[in-house]
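What the coordinates show
One-letter residues, chain by chain:
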Amino acid sequence: MEGLEEKLRGLSIARRCRPEEPTYLLDVALQPAGLLAVSCSNFTVHLHNKDSLDLVGEYRGHSGPLCGVVFSHSTPDLLYSGSADGTVRGWDVRRPGTEAVQVFKSDPSHSYCSLDLSCGDALLCAGTEQVNEEDSFLVFWDVRKPGGKLLGVYSESHSDDVTQVRFHPRDKDRLASGSTDGLVNVFDLSRGAEEEALLATCNSDSSAGSVCWSGPGYTQLLCLSHDEGLHLWDLGQLDTDEPLTVFSTSDARSLTPLTDGGGVDYLVGGRWLEEAQKLMVVGGKNNGDLHLMECGDGGLRLLRSLEGGHASTVRCFLWDPAAEALVTGGEDAQLLLWKPGGEDLTTGKREPMKSRSALRLKSRPHKKHGYQRDRKAAKTLNHTD
């Protein structure tokens, strides 16, 4: 079987898509049946054909910045989007441009900044921004109930914006959350109450930006911080005396020497590639060049550089295993499809696009919080570099 490096080596641009309105592309989700959903900084959700990248629909309804998009696993015609406007909306992708078929809300003070759906399609979870300068919440709904029943909230585990929530790809009750308070928490929702559900608290020592389940059996957790730190933890060691840390660095930018001797300017995110059994981390340069890296216990190793595609910062990516293709979106408003032997049939690299409606990632300094709680079930990590 062809190795990962050989597959990545053959990638080149197969398709480009540029929206008519200047906008940042913030997040992208895949419906294997043939669609891509993209959240945009102008508060819209775009639907694209995943092979041609043709725009096939658009949804308007949110009145604030979007925090993510995710397709239902068992009902792929359902798409969910979350927003700082305090709503999570469900859309029917068979009817582009129509109103939301479901609207989920919680307390009026809640502004959502992260969203995910459990692998069993029963639970939606949204993480809120900080409320009253001290509280933040994980909000849960049962999507199977009419109107999307609000089940409740977890309120004790984070004290600042919950920037990421990620359900385990195989365990419907396992949830990871990351926050600008520096903590990454892991829950077993089958245990019910928050204190009993909290399995582990990992400290990234900085503002956690993204969280990704990885490793064989998805027993590992990758955290990327807003100041380009990288932490990889093995949760399979929770019930042992072995350390959870597989690899950790406060600044991953210089760990991957590029051909010019420099490093990446920022990290986009990570994704476990099940077929290759590899954890891929994507980094970029401010000029739009992308660098695909493998992450393991030895740190980062450069696999492939993709140049000449984007013209500014890349904000999102996904790997389509069936097509062996990479999809990327960025602040230049371009959606790109990279495939083996791809041949760009459109014009050259787009100039950087300025957007008045653009939403930039929060990068305020990490705040040190004084609260400490003694949790019997939690295994807390403190990293020093």
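Every value quoted in this text rests on a predicted model; they were computed, and no experiment measured them.

A separate point is the UniProt feature "repeat: WD" (unreviewed entry) in the protein chain. Under the present numbering, the feature "repeat: WD" (unreviewed entry) in UniProt falls on residues 59-94, 155-197 and 307-339. For residues 59-94, the end-to-end C-alpha separation is 12 Å, with 0% helix and 50% strand making up the annotated structure. Between the C-alpha atoms that bound residues 307-339 the distance is 14 Å, and the span itself is 0% helix and 55% strand.

Here we take up the sheet that holds strand 5 (residues 55-59). What the 4 strands build is an open sheet, ordered 2-3-4-5; its pairing is antiparallel. This sheet does not close on itself; its edge strands, each paired only once, are strand 2 (25-31) and strand 5. When strand polarity is set aside, the average angle formed by the axes of neighbouring strands in this sheet is 20°.

Okay, the pairing of strand 22 (residues 266-273) next. Of all 8 residues that make up strand 22, 7 are buried, and the element is covered over most of its length. When strand 22 meets strand 23 (residues 278-284), the two strands line up antiparallel, connected through 7 bridges. Of the residues in strand 23, the one forming a bridge with Leu-273 is Lys-278. The turn linking strand 22 back onto strand 23 is made up of 4 residues, and Gln-277 within it adopts a positive phi angle of 55°.

With that out of the way, let us pick up the pattern of salt bridges. For the coordinates displayed, the defined rule picks out 19 salt bridges. Asp-173 is the salt-bridge partner of Lys-172, the closest N and O atoms lying 3.3 Å from each other. When its relative accessible area of 19% is taken as the criterion, Asp-173 is described as buried. Several salt bridges converge on common partners, so that one network encompasses Glu-5, Lys-278, Glu-294 and Arg-301.

What follows concerns the nonpolar core. Core analysis: the biggest nonpolar cluster contains 30 residues, and Val-184, Leu-221, Leu-222, Leu-230, Leu-267 and Val-281 have the highest contact counts within it. Setting aside anything within four residues of it in sequence, one finds Val-281 in contact with Leu-222, Leu-230, Leu-267, Gly-269, Gly-270, His-291, Leu-292, Met-293, Cys-295 and Leu-300. By size, the runner-up hydrophobic cluster in this structure holds 19 residues, among which are Leu-8, Ile-13, Val-268 and Trp-338.

Following the criterion strictly, the structure yields 0 disulfides and no others. Just so you know, Cys-17 is unpaired, no disulfide at all, and the nearest cysteine sulfur is the one on Cys-40, 9.6 Å from it. Residue classification places Cys-17 among the buried residues on the basis of a relative accessible area of 12%. No disulfide involves Cys-295; its nearest neighbouring cysteine sulfur is the one of Cys-212, lying 9.6 Å away. The class for Cys-295 is buried, based on a relative accessible area of 7%.

It is worth spelling out unusual backbone geometry at this point. One non-glycine residue, Gln-277, adopts positive backbone phi at about 55°. Relative to the elements of secondary structure, Gln-277 occurs in the loop between strand 22 and strand 23. Positive phi is not limited to glycine here, since Ala-333 has a value of about 70°. Relative to the helices and strands, Ala-333 is located in the loop between strand 27 (325-330) and strand 28 (335-340). Residue classification places Ala-333 among the buried residues on the basis of a relative accessible area of 0%.

This paragraph deals with the sheet that holds strand 24 (residues 290-296). Taken together, 4 strands build an open sheet; the order of strands is 22-23-24-25 and the sheet is antiparallel. Looking at strand neighbours, the two that pair on one side only are strand 22 and strand 25 (299-306), the edges of this open sheet. Taking the axes of each pair of neighbouring strands and ignoring which way they run, one obtains an average angle of 25° across the sheet.

In total, this model carries 6 aromatic pairs according to the counting rule given. Centroid distance Tyr-154 to Phe-187: 5.3 Å. Interplanar angle 45°. Geometry classified as tilted. Taken as a pair, Tyr-154 in strand 13 (residues 149-154) and Phe-187 in strand 16 (residues 183-188) lie far apart in primary sequence, 33 residues in all. In textbook terms, an aromatic cluster arises when at least three aromatic residues are bridged by ring pairs, as seen for Tyr-80, Phe-104, Tyr-112 and Trp-141. One residue, Arg-271, lies across the ring of Phe-317, its end atom 5.8 Å from the ring centre.

Cut-off values and rules
Residues numbered from 1 in each chain as written. Predicted model: local features only at pLDDT ≥ 70, side-chain atom pairs only at ≥ 80, totals over all residues. Heavy atoms only, no water. UniProt positions renumbered as here; feature names shortened; annotations may be inferred. Helix = DSSP H or I, 4+ residues; strand = E, 2+ residues; numbered from the N terminus. Pairing = 2+ DSSP bridges. Axes fitted to C-alpha atoms, helices over the stretch in contact; angles between N-to-C directions. Buried < 20%, exposed > 50% of the residue type's maximum accessible area, 1.4 Å probe, protein only. Salt bridge = Lys/Arg side-chain N within 4 Å of Asp/Glu carboxyl O. Core = buried A, V, L, I, M, F, W, Y, C linked by side-chain atoms within 4.5 Å. Contact = heavy atoms within 4.5 Å. Disulfide = S-S within 2.5 Å. Phe/Tyr/Trp six-rings, centres within 6.5 Å; stacked < 30°, edge-to-face > 60°. Lys NZ or Arg CZ within 6 Å of the ring centre and 35° of its normal.

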